[in-house]
Amino acid sequence: MDHLAYYDLKEEPFAVMPLTKFYYHNDQHDQAFLRLKRVADGMKGLGVCVGDVGTGKTLLARRLFESLPDDQFECAMLVVLHGDVTGDWLIRRIAGQLGVEDLEGSKVDVLTRLYDRLNVIADDGRRAVIIIDEAHMLRKQEVLEELRGLLNLELSDAKLITFIMFGMLPLDECLLSEPALKQRIAVRCELKNLPENVLIDYVRFRLFHAGSAKQVFAIDALTRIHLLSKGNPRLVNVICDNALFEGFVRKAELPLPVEIIDAVGEDLRLPPAQPADEPAERR
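Residues numbered from 1 in each chain as written. Predicted model: local features only at pLDDT ≥ 70, side-chain atom pairs only at ≥ 80, totals over all residues. Heavy atoms only, no water.

A. Expanded view of the side chain of D133. Mapped onto the fold, D133 is located in strand β3 (residues 127–133). One buried charged side chain, D133, makes no salt bridge at all; its nearest oppositely charged neighbour is R62, positioned 6.2 Å away. Within the structure, the side chain of D133 is placed 2.7 Å from the side chain of T58, a separation counted as a polar contact. When near neighbours in sequence (up to four residues on either side) are disregarded, D133 contacts T58, M77, L78, V79, V80 and F166. (Helix = DSSP H or I, 4+ residues; strand = E, 2+ residues; numbered from the N terminus. Buried < 20%, exposed > 50% of the residue type's maximum accessible area, 1.4 Å probe, protein only. Lys, Arg positive; Asp, Glu negative; His and termini not counted. Salt bridge = Lys/Arg side-chain N within 4 Å of Asp/Glu carboxyl O. Polar contact = N/O pair within 3.5 Å; in protein donor to acceptor, adjacent residues only side chain to side chain. Contact = heavy atoms within 4.5 Å.)

B. The packing of helix α9 (residues 196–209) against helix α11 (residues 233–250), seen in detail. Running from N to C, α9 and α11 point in directions that differ by 55°, and their axes come no closer than 11 Å. Classified by the angle their axes make, α9 and α11 are oblique. For the pair α9 and α11, the sense of crossing is right-handed. Counting all contacts with α9, which are made through L199, Y202, V203, R206 and L207, the residues of α11 involved are P233, V236, N237, C240 and L244. Taken together, the residues of the contact of α9 with α11 break down into eight nonpolar, one polar and one charged. (Axes fitted to C-alpha atoms, helices over the stretch in contact; angles between N-to-C directions. Parallel < 35°, antiparallel > 145°, perpendicular 65-115°, else oblique. Left-handed = near helix turned anticlockwise from the far one by under 90°. Nonpolar A, V, L, I, M, F, W, Y, C, P; charged D, E, K, R; others polar.)

C. Representation of the nonpolar core. Membership of the largest hydrophobic core comes to 37 residues, with the highest contact counts inside it found for I94, L118, I132 and F163. Those elements giving two or more residues to this core turn out to be β1 (46–51), β2 (73–79), α4 (87–97), α5 (107–123), β3, α6 (141–151), β4 (162–167) and α7 (170–176). The element contributing the most residues to this core is α6, with five residues. Ignoring any residue separated from it by four or fewer positions in sequence, one finds I132 in contact with L78, V80, L138, L147, F163, I164, M165 and F166. (Core = buried A, V, L, I, M, F, W, Y, C linked by side-chain atoms within 4.5 Å.)

D. View of the environment of L160. Tracing the sequence through the fold places L160 in the loop between α6 and β4. Note on L160: relative accessible area 4%, which makes it buried. Placed 39 residues apart in sequence, L160 and I121 show a C-alpha to C-alpha distance of 8.5 Å. Once you skip the residues sitting within four places of it in the chain, L160 turns out to touch M43, Y115, L118, N119, A122, A128, L153, E154 and L155.

E. Examining the pairing of β2 more closely. Burial of β2 is extensive: six of the seven residues sit out of reach of the surface. Here seven bridges tie β2 to β3, and the two strands are oriented parallel to one another. Paired with V79 across the bridge in β3 is D133. (Pairing = 2+ DSSP bridges.)

F. Representation of the packing of aromatic side chains in the model. The tally for this structure, following the rule as stated, stands at five aromatic pairs. Note on Y6 and F248: the rings are 5.7 Å apart at their centroids and 70° apart in plane angle, and the pair reads as edge-to-face. One end of the pair, Y6, is in helix α1 (residues 3–6); the other, F248, is in helix α11, with 242 residues separating them in the sequence. Among the residues examined, Y6 registers a relative accessible area of 17% and is labelled buried. Look at F245 and F248: their rings are 6.0 Å apart centre to centre, the planes differ by 45°, and that puts the pair in the tilted class. Note that F245 and F248 are positioned in helix α11 at a spacing of three residues, about one turn of the helix. Among the residues examined, F245 registers a relative accessible area of 44% and is labelled partly exposed. (Phe/Tyr/Trp six-rings, centres within 6.5 Å; stacked < 30°, edge-to-face > 60°.)

G. Just α9, in detail. Relative to the 20 Å expected for 14 residues at 1.5 Å per residue, α9 spans 20 Å between its end C-alpha atoms, a close match to the ideal helical length. For α9, a buried count of ten out of 14 residues is recorded, marking the element as mostly surrounded by other parts of the structure. Considered for burial, the residues of α9 that qualify are E196, N197, V198, L199, I200, Y202, V203, F205, R206 and L207. If you follow the buried residues of α9, they end up packed against α10 (219–229) and α11. Downstream of α9 by one or two residues, G211 has phi in the positive range, about 115°. (Expected span 1.5 Å × (residues − 1).)

H. Geometry of the state of the cysteines. Considering all chains together, one arrives at zero disulfides under this definition. Here C174 is not cross-linked by a disulfide; its sulfur's nearest cysteine counterpart is in C49, at 15 Å. For the unlinked cysteine C189, the closest cysteine sulfur is that of C49, found at 5.5 Å. (Disulfide = S-S within 2.5 Å.)

I. Focus on the packing of α10 against α11. Running from N to C, α10 and α11 point in directions that differ by 130°, and their axes come no closer than 9 Å. With respect to each other, α10 and α11 are oriented oblique. In the crossing of α10 with α11, the sense of the turn from one axis to the other is right-handed. Contact with α10, carried on its side by I225, L228 and S229, involves L235, V236, I239 and C240 of α11 and no other residues of that element. Across the contact of α10 with α11, the residue classes break down as six nonpolar, one polar and no charged.

Set out below in structure tokens:
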């Protein structure tokens, strides 16, 4: 018997990969989704979603991407891997993502082809949307200026392209450095850590959708998970994933006790849990 069978699980419930089937509906993420979806639907130019590491930005970006139907949108998702990207690279990457086949020649040549392609997309009755993840890496002034220039591409009654940017909190500072771009922000959302009652529901949701209807964690164990993680979803996943395996190795009875969580916290070298001033309201 492996550790998944031990809990009647069909798959890993706390995998670190941002799988949209494990998207957890809650007020802040759902509201952010609706607001950013409105940016895409209305071709409002620029939407921004910021949050600390592990608050669910990438998962929300992927859910948004998957929600835009192909017959209505020409949509692409661009992940920025480092801060050394140039304006020229950005233009060519966006053009390629939107179906421009010839990326040779000068940047002006590529921009001309991109403009033509955007007009074709608009003539087809579709909307061009670029979702940019890790957008806080776009630090160079020339890159921000190129984005501003692309947002100037429009018809008499509509914009030709919309950008929805997801990034860490420094993204706000990046946009501040280019006031003309910041003024084009139609919607800004900020994701924060989960309160205890939401975290408890989140953990149970992921276990249920992975196949287990058991009460896997004791309530005091869930409280300790919240204290150790401070409600950060990614860290919650890491703690819970390790706790499941630790419980399996120890052949611990369910629900898993707080001692399992403490052992995982020590193994991960997490700061000791500090009790909250007041207990959070639980569902």
